[in-house]
Amino acid sequence: MSLCVEEICKNVITYGFTEKKKNHLEIFAMFKEDHITLRIRDDCPEYNPVEQYKEYSKEKAAADNKFGLKIVFGVVDNINYFGTLGLNTLVITT
């Protein structure tokens, strides 16, 4: 899960943060018996990595250029995206 946090947050900061406004990034982790749930939320421009990964997966060459997303989707059990109220929210579970 630490790799997921690193990859997702790196992408948010690199591609979503702007100098025009003060951006926010929030990470919430919940640990229960046999699984971990992460919620990563930001107020950057809308970006849905779940849809992007589906698009990248259609073409192997494109997927090879998005190695970070391949890693994240390869190690999690479930990942959902919600874009509401100007916030991007990812809920990741293992």
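Our subject is the structure listed above.
Treat the numbers as computed from the prediction; the structure is a model and nothing was measured.

Caption draft 1: Broad picture of the environment of Arg39. Tracing the backbone through its elements, the reader meets Arg39 in strand β2 (residues 35-42). Counting along the chain gives 10 residues from Arg39 to Ala29, while the straight-line C-alpha distance between them is 6.5 Å. Setting aside residues no more than four positions away along its own chain, Arg39 makes contact with Glu26, Ile27, Phe28, Thr89, Leu90 and Val91. Looking at Arg39, its side chain comes within polar contact range of the side chain of Glu26, at 3.0 Å.

Caption draft 2: Structural context of the packing of aromatic side chains. As enumerated under the stated definition, the model contains 1 aromatic pair in all. With centroids separated by 4.2 Å and ring planes inclined at 5°, the aromatic side chains of Tyr53 and Phe73 adopt a geometry described as stacked. Of the two residues, Tyr53 sits in helix α2 (residues 49-58) while Phe73 sits in helix α4 (residues 67-75), which places them 20 residues apart along the sequence. Look at Phe73 and you get buried, because its relative accessible area is 19%.

Caption draft 3: The arrangement of the environment of Val91 in detail. Here Val91 is to be found in strand β4 (residues 87-93). Since its relative accessible area comes to 24%, Val91 is described here as partly exposed. Between the C-alpha atom of Val91 and that of Phe28, which follows or precedes it by 63 residues, the distance is 9.4 Å. Setting aside residues no more than four positions away along its own chain, Val91 makes contact with Thr37, Leu38, Arg39, Asn78, Ile79, Asn80 and Phe82.

Caption draft 4: Highlighting the sheet that holds β4. One open sheet accounts for 4 strands, arranged β1-β2-β4-β3; its pairing is antiparallel. Taken across any chain shown, the strands that pair with only one partner, and hence form the sheet edges, are β1 (25-32) and β3 (78-84). Taken over all neighbouring pairs, the strand axes of this sheet differ in orientation by 15° on average, direction set aside. Where β3 and β4 come together, 7 bridges link them in antiparallel fashion. Bridging from a neighbouring strand, Ile79 pairs with Ile92 of β4.

Procedures and definitions
Residues numbered from 1 in each chain as written. Predicted model: local features only at pLDDT ≥ 70, side-chain atom pairs only at ≥ 80, totals over all residues. Heavy atoms only, no water. Helix = DSSP H or I, 4+ residues; strand = E, 2+ residues; numbered from the N terminus. Contact = heavy atoms within 4.5 Å. Polar contact = N/O pair within 3.5 Å; in protein donor to acceptor, adjacent residues only side chain to side chain. Phe/Tyr/Trp six-rings, centres within 6.5 Å; stacked < 30°, edge-to-face > 60°. Buried < 20%, exposed > 50% of the residue type's maximum accessible area, 1.4 Å probe, protein only. Pairing = 2+ DSSP bridges. Axes fitted to C-alpha atoms, helices over the stretch in contact; angles between N-to-C directions.

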